[in-house]
Amino acid sequence: MDALALSRHPLWGWGYSDPTTLFGGVKCLETIDFFHKAVEMTDMVKKFGDFTANDKINLIVHKGEVHALLGENGAGKTTLMNVLYGLYKPTSGSVKINGNLLNIKDPNVAIKNGIGMVHQHFMLVEPFTVTQNIILGNETTKSMGIIDLKKAEKQVAELSKRYGLTVDPNALVQDLSVGSQQRVEILKALYRGAQILILDEPTAVLTPQEIQELAQIIQNLTREGKSIIIITHKLKEIKQMADFCTIIRRGKHIDTVEVAKVTEEDLASKMVGRDVIFKVAKEKQLRGDKALEIKNLVVQDARGLPVVNNLSLELHKGEILGIAGIDGNGQKELIEAVTGLRKVKSGTVSVQGKNITNLSPGKIINKHKISHIPEDRQKRGLIFEFDIAENLILETYFKPAFSKWFTLIKERIYSNAKDLIHKFDIRPEESEIPAKALSGGNQQKMIIAREVSNEPEILIAAQPTRGLDVGAIEYVHEALINQRNQGKAVLLVSFELDEVINVSDRIAVIFEGKIVGIVDAQDADEKQIGLMMAGGTE
Amino acid sequence: MKKDARLKKRFNIRGIKDFLLSGSLGVTLISVFLGFMVGAIVLLIAGFNPVEGYFAILKGIFSKPKYMSYVVIYSTPLIITGLSVAFAMRTGLFNIGAEGQYIVGAMVAAMAGYYFHLPMVLHIIVCIFLAALAAAAWGGLAGFIKAKFGVHEVISTIMLNWTALYLSNWAVTLKSFGKQGTGKSFAIQETARIDLFGQWKITEAGIDFIRSHKVLGDILKSPVNLGILAAFLLAFLMWYTLNKTTLGYQLRAVGYNPNAAEYGGINVNRSIVTSMCIAGGLAGTAGALQIMGVSHRIAKLATMEGYGFDGIAVSLIGNNTGIGSVLAGFLFGSLKYGGSKIQDAIDAPTEVINIMVGTIILFVAMPKLIKLIFSFKKGK
Amino acid sequence: MMEALIKDIGFIIGTTLMYSTPLIFTSLGGVITERSGVVNIGLEGMMCFGAFAGAAGAYFSQDPWIGFACAAIAGGLLALLHAIACVSFAAEQIVSGIAINFMGTGAALFISRMLFDGATQTLTIPNKMPLPLNFLFGEGKMFASSGFMDLVFNRFATVYIAFLMVFLIWFILYKTKIGMRVRAVGENPEAANTLGISVVKIRYGAVIMSGVFAGLGGAAMSIAVVSRFSNTLISGHGFIALAAMIFGKWKPQGALVACLLFGGAKGVEIFLGAKGVPVPGDILAILPYVLTIVVLVGVVGKTTPPGAIGKIFDKGESA
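Note that this is a predicted model, so its numbers are computed, not measured. What you see as residue numbers is a count from 1 along each chain, following the sequence as written. Naming scheme: in the order in which they are written, chains are lettered from A and ligands are numbered from 1. Local features are withheld for residues below a pLDDT of 70 in this predicted model, meaning they are given only at 70 or higher, and side-chain atom pairs are given and counted only at 80 or more; totals for whole chains, interfaces and linings count all residues. Water and hydrogen atoms play no part in the side-chain values, which are based on all heavy atoms of the structure.

Some details on the interface of chain C and chain B
What counts here: Only heavy atoms enter the contact rule, under which two residues are in contact if any of them lie within 4.5 Å. Using a 1.4 Å probe, buried area is obtained as the accessible area two parts lose upon being combined, added over both of them. What makes a salt bridge here is a side-chain nitrogen of Lys or Arg within 4 Å of a carboxyl oxygen of Asp or Glu, nothing more. Here a polar contact is taken to be a pair of N or O atoms separated by no more than 3.5 Å, where protein atoms must pair a possible hydrogen donor with a possible acceptor and residues adjacent in sequence count only if both atoms sit in side chains. Strands here are runs of E lasting at least two residues and helices are runs of H or I lasting at least four, both read from the DSSP assignment and numbered beginning at the N terminus. We call Asp, Glu, Lys and Arg charged. Ala, Val, Leu, Ile, Met, Phe, Trp, Tyr, Cys and Pro are nonpolar, and the rest, Gly among them, are polar.
With 41 residues of chain C at the interface, the matching set in chain B holds 48 residues. Contact between chain C and chain B buries roughly 3900 Å² in total, counting both sides, with carbon and sulfur atoms accounting for 82%. Where chain C packs against chain B, one counts two salt bridges. Of the charged contacts, one joins C:Asp282 and B:Lys300 as a salt bridge, the two residues approaching to 3.3 Å between their closest N and O atoms. Here chain C is connected to chain B by three residue pairs in polar contact (both at pLDDT 80 or more). Those elements giving two or more residues to the side of chain C that touches chain B turn out to be helix 3 (64-88), helix 4 (93-115), helix 10 (237-247) and helix 12 (281-299) of chain C. Counting residues per element, the side of chain C that touches chain B draws most heavily on helix 4 of chain C, at 14 residues. Grouping the amino acids of the side of chain C that touches chain B by side-chain chemistry returns 29 nonpolar, nine polar and three charged.

Brief notes about the side chain of A:Glu65
All names here are of chain A. The cut-off we apply is this: Per-residue accessibility, obtained with a 1.4 Å probe over protein chains only, is compared with the maximum for each type, and a residue is labelled buried under 20%, exposed over 50%, and partly exposed between these values.
Tracing the backbone shows Glu65 in the loop between strand 2 (51-63) and strand 3 (66-70). For Glu65, a relative accessible area of 0% corresponds to the buried category. Dropping the residues within four chain positions of it, Glu65 is found in contact with Ile32, Ile60, Thr222, Lys226, Ser227, Ile228, Asp243 and Phe244.

Side note on the nonpolar core
Under the convention used in this document: For the purposes of this section, nonpolar cores are sets of buried Ala, Val, Leu, Ile, Met, Phe, Trp, Tyr and Cys residues that join through side-chain atoms within 4.5 Å.
Counting residues in each nonpolar core, the largest one holds 309 residues, and the members touching the most others are A:Ile186, A:Cys245, A:Leu267, B:Ile96, B:Ile361, C:Ile98 and C:Phe229. Looking at this core, the element that brings in the most residues is helix 9 (residues 199-225) of chain C, giving 15 residues. For A:Cys245, the contacting residues outside a window of four places in its chain are A:His67, A:Ala68, A:Leu70, A:Ile238, A:Asp255, A:Thr256, A:Val257, A:Val259 and A:Leu267. Grouped together as the second largest cluster of nonpolar side chains are 31 residues, A:Met41, A:Leu69, A:Ile111 and A:Ile196 included.

What to know about helix 12 (residues 227-244) of chain B
For the α-helix, the turn length of 3.6 residues means that residues three or four positions removed from each other point alike. Let me state the cut-off plainly: Take the number of residues in a helix, subtract one, and multiply by 1.5 Å to get its expected span.
Taking 1.5 Å of rise per residue, the 18 residues of helix 12 of chain B would be expected to cover 26 Å, and the 25 Å separating its terminal C-alpha atoms lies within 8% of that figure. Inspection of helix 12 of chain B places B:Gly227, B:Ile228, B:Ala231, B:Leu234, B:Ala235, B:Met238, B:Leu242, B:Asn243 and B:Lys244 among the buried residues, and these make up the whole buried set.

Overview of unusual backbone geometry
Omega for the bond connecting A:Arg427 with A:Pro428 falls within 30 degrees of zero, at -5°, which places this linkage in the cis form. Among the secondary structure elements, A:Pro428 is positioned in the loop between helix 14 (410-423) and helix 15 (440-453). The phi angle at A:Phe406 is positive, at roughly 65°, despite the residue not being glycine. With respect to the element layout, A:Phe406 can be found in the loop between strand 17 (403-404) and strand 18 (407-408). One non-glycine residue, C:Ala90, lies in positive phi territory at about 50°. Residue C:Ala90 is classed as partly exposed on the basis of its relative accessible area, which comes to 23%.

Some remarks on the confidence of the model for chain C
Residues and elements named next belong to chain C. Operational definition: pLDDT is a residue-level measure of predictor confidence that goes from 0 to 100.
Per-residue confidence for chain C gives a mean pLDDT of 89, with 96% of residues at or over 70. The element-level mean pLDDT for chain C is lowest in helix 12, coming to 82, with helix 9 highest at 97. In the predicted assembly, ipTM is 0.90 and pTM is 0.86.

Points about the packing of helix 6 (residues 157-175) of chain C against helix 11 (residues 252-275) of chain C
Residue and element names in this part refer to chain C. What counts is decided by this rule: Helix axes are fitted only over the stretch in contact, all axes being lines through C-alpha atoms; the angle between N-to-C directions runs from 0 to 180 degrees. Any angle from 65 to 115 degrees is called roughly perpendicular, while one under 35 is roughly parallel, one over 145 is roughly antiparallel, and all others are oblique.
Where helix 6 meets helix 11, the axes come as close as 9 Å, and the angle between the chain directions of the two elements is 155°. By the criterion of interaxial angle, the relationship of helix 6 to helix 11 is roughly antiparallel. Side by side, helix 6 and helix 11 meet where Phe163, Val166, Ile169, Trp170, Leu173 and Tyr174 of the first sit next to Pro252, Gln253, Leu256 and Leu260 of the second. A per-class count over the contact of helix 6 with helix 11 returns nine nonpolar, one polar and no charged.

Side note on the domain arrangement of chain B
Residue and element names in this part refer to chain B. Put simply, the rule reads: Domain borders in the structure are assigned automatically or taken from a domain database.
Assigned domains of chain B: these are domain 1 (23-48 + 350-380) and domain 2 (64-347). Taken residue by residue, the interface counts 14 residues in domain 1 and 14 residues in domain 2. Surface buried jointly by domain 1 and domain 2 totals about 1200 Å² across both partners, of which 82% is contributed by carbon and sulfur atoms. Across the contact surface, domain 1 and domain 2 share zero salt bridges. Joining domain 1 to domain 2, the criterion identifies one residue pair in polar contact (both at pLDDT 80 or more).

A look at a nonpolar patch on the surface
Residues and elements named next belong to chain C. Basically, it comes down to this: To count toward a patch, a residue needs a relative accessible area over 30% and no salt bridge; like charges are then connected within 9 Å, while nonpolar side chains (Val, Leu, Ile, Met, Phe, Trp, Tyr) are connected within 5 Å. Here the open area of atoms and residues is found with the Shrake-Rupley method and a 1.4 Å probe, where only the protein chains shown may cover a residue.
The grouping of Met2, Leu5, Ile6, Ile9 and Ile13 at the surface amounts to a nonpolar patch, some 430 Å² of accessible area in total. Along the chain, Ile9 falls in helix 1 (residues 2-35). Residue classification places Ile9 among the partly exposed positions, given a relative accessible area of 40%.

Focus on the pattern of salt bridges
Here the structure, examined in full by the defined rule, presents 27 salt bridges over all chains. A:Glu258 is the partner of A:Lys261 in a salt bridge, and the nearest nitrogen-oxygen pair spans 3.9 Å. According to the relative accessible area criterion, A:Lys261 is exposed, its value standing at 55%. On the basis of relative accessible area, A:Glu258 is assigned to the buried category, the value being 8%. Residues participating in the shared-partner salt-bridge network are A:Glu336, A:Arg342, A:Arg380 and B:Glu262.

Overview of helix 9 (residues 264-272) of chain A
Residue and element names in this part refer to chain A. So the rule is basically this: The arc under discussion is defined with respect to the helix axis, by the directions toward the C-beta atoms.
Restricting attention to buried positions, one finds in helix 9 the residues Leu267, Ala268, Met271 and Val272. Considered in projection along helix 9, the buried side chains sweep an arc of 120° and stay on one side of the axis. On its buried side, helix 9 packs onto strand 3, helix 8 (235-241), strand 9 (244-249), strand 10 (252-258) and helix 16 (470-485). Gly273 sits one or two positions beyond helix 9 and adopts a positive phi of about 95°.

Comments concerning the packing of aromatic side chains
This is how the line gets drawn: Stacked, edge-to-face and tilted labels apply to pairs of Phe, Tyr and Trp rings (six-membered ring for Trp) whose centres lie within 6.5 Å, assigned for plane angles under 30 degrees, over 60, and everything in between, in that order. Two limits define a charge over a ring: the Lys NZ or Arg CZ must be within 6 Å of the ring centre, and within 35 degrees of the ring normal.
Scanning the model with the defined rule gives 34 aromatic pairs over all chains in all. When the centroid spacing of 6.5 Å and the interplanar angle of 50° are considered together, the rings of C:Phe262 and C:Tyr289 count as tilted. Remark: C:Tyr289 occurs in helix 12 and C:Phe262 occurs in helix 11; sequence separation between them is 27 residues. A residue is classified by how much of its surface remains accessible, and C:Phe262, at 6% relative accessible area, is buried. Members of the aromatic cluster, joined through ring pairs, are A:Phe386, A:Tyr397, A:Phe398, B:Tyr249 and B:Tyr256. Lying across the ring of B:Tyr307, B:Lys336 places its NZ or CZ 5.5 Å from the centre. Sitting over the face of the ring of B:Tyr67, B:Lys341 holds its NZ or CZ atom 3.4 Å from the ring centroid.

In structure tokens form, the structure reads like this:
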């Protein structure tokens, strides 16, 4: 990155001229000091055993710059940043911070050199207060190691005022919203004097408003001369927030581009390695009878709060109904309630007119023919230690097809597996290897094979493409559309608005446990849905 | 040829082979070896010759038919309590309560054996059945408390162990059941005993036989009983249930991943209770067999006898499998019996066995360390 | 009549304090280790080893304080093994604890046989733990001997130390830097790690301290409650201390209350035994255990153990 060459760029104004614009805005380079390389990583290699997560990656971030790291899940973005933050030891390569060659052997060294990191999964101690979380590891003490909480609270309050990061220093972190927790994380880094701030997938859990606030915060920080690295796979946010973008694919450095000079499509094809079709092909189809009816449903979370709050919804045969919403608005609890995994407080769920409220999961699966692709493959969907064949009979092992006199019939179990492996293209084609040995995409294929082969009337898919690469995502979408084309009812829950709009026939927007609006996917307006997702009225 | 293949399939030879070849067996064998090494070092530090010590143990196990017979008798309850712990472990439950379930089983068997008057075979069956049932309830109670109220089974079974101990001690004080002043209960009826030739051994013919037959007579000097056959049968049943039946599939699914099992329609709470019932029943059977084959009565206990705790060790060393528990049970039984000879032979404390067993378990718990040693041996 | 009743109450309180003390020490050890996220069911073995080391140390040195120190070292050494297994080599914590129990009791009896002529018990120690407030009681002193005050307050030094320790551990855990770090590591080791706190060091420290406390608990039994170690002296006390810790919601003050409850049951049992009340002692002995289950059934749903309890912390480097 040659500073002289870049200085020829015209300087645009800041992109917050219209803060209500969700995805607009243009970045400028005025805060960047091109003579000061805050981070310079050269030929970084990180291997885990035989697996090369980072293969000679170069990265330069200047003072005052917002630099995006773009790549698919598992491309090696987070690994690279964990190396920079001292959580992983690099296999080879060099790191310079502010021009000084450094051996960042643990986070202490990183922190001392002004590097701060906000992880995707927040690194917060939930039962601690905001102040305790912020000072942890760098405590303000009186004599004999006794914590001076009063003084620390004052420091935190000052800091939060200075950067416009409003939080209550006395609140328990477990009581805070996700957006506030993120602010605590940023404060944690600033408290340690961070000059270089790494944000790992910072927008994944935020509402559109909170994303706007974050953009504002990032702007404030770069004005103070801080450098920001954002790890993301969301193109819009890169366009909105970043100056430069480095694209990583399968551990390799693909390109570094100036964001203002490329389109989203360019970025996408660089990320994936081929052209990406944003639209999913599907034929029009008439919607059939009512398959699932949810009436005035109330479901509580562990703390007894109504996370699904008087929700009503209808799902018809031959349609995909997409539920759009930010994570944590009751989607998980809604699905768990419908599938019998969580108790319903009040209201009813019925399938083809029959009440299935609070029936056991087994009854709902086998008698009422609801199949479910769970949000968390590893926690819910699979038994890691079981082989593929055993996983494929999780819901049917006791049926005459697979057992007689309480004894399993191995031949049938394994021939069933062989069929499904072939039909659903699961790899490797071995029915006797444990599920944990499969890739994420193949694990998901296995779950789909199991759920679809169970011949459901209703298929519920929660976050079915999370963490998958583009090829697997297309596969999953096709499978869902296939079910719909066969006249089955499909309920799709996703936090990716694009996915919901592309795959669904109708879209229901969920906010704070209620359906706040239903629109036809054809006339869907992203902006309008985005507003509803954030609780705004039409 | 074809029949052979089918046989192989039916009896799942693959499973056994896999087990033998799996990494965990390697870890176990190395752990056992390291346990012996540590035992040797302890003896050495204490000023004994470990070769002599181990030789004394070996001699104490193998030098007389009677000794070997005793090893079998010592091993029997350990194998079965080992199975109890292993079965629960496979469903993801830590049955520290085998001790209490054993005590309950022993107590009920002693009562049924003393109070009831039934014909020979029937009496045995009734005793074992009632003992297993009571212990199953005892174990199932811990399962129920976990399923219903979320109390961890490790804590509840620790409490239930002591409850069982004092309950049993109290039973011994009952006038109709305990011989006053001896701290022991009355002996069970002859019809409820499973020792071989117990009556005949004390007749003249029996005594003559024992005198005149060197090997058989020597064996008969020990309280030979049918318990070990029951242990083998139970080990086989456990393997079959876990690996071949729908119940086993269900319980293993819950053990590996309760969330996924629940999602798949398996009733997790019921599985927990079922598994703890079966585990309790097994431990209770161990207690019953011990009463019916060896001691014939229960006694007031100042502290735990440790059959259940030893069962934990057996299960862990045996990798929580049926066959593993049998082998580990024999290992532990041999060490326990043979180890008691080390005191007489070289005057070294028998407790070196406990240290060895502890060491073995500690290494079994650290496959990471064992693998590190392995990779180091390979020269990296 | 009234006077006798007060005296009886004094007797019960006094015995309660005496029998609670070993549990309080050990329970505190449990609080420390579990707060750092490491389960330690090896407390029983550590307590047993500590009880032996305490009695042996006190016997040979003729000084109970040296015995007390020996117990701490012995418990700490055994805990070091647990720490190595659990923290450095990712051992299943409960399994390692089981191993420690075998080793602790084994080592105690092994060494006992070596030092005491093949016996699984030590000889009687010449000097028990002192009674620090003894000077207040007796003829012509502030309080009459074997009155209420004497029965309650004229207790071994270990009793006072135990109460002091409850306060001290509470203070350290909740008011100091190191305590905050221990709790953070127990709740979210990944978070602590990213802030440059060494999870490994904190957990080693906490586990070793738990052994030290369990050792002291054992010694409080062998050189104060009685005056020798024997093979049945520690039978399940470690497990009960563990239950008391959970009962007390992983808090020092809570553990204290639970230990007093267990000790109280013992105190009542001894009192009734001494009075010849016709209640079967065995049934009475069951009470605390049943009570614990009942209480756990009632409250456990509402308690939250440390977030990372029992979970193996792996930096992900070895993957």
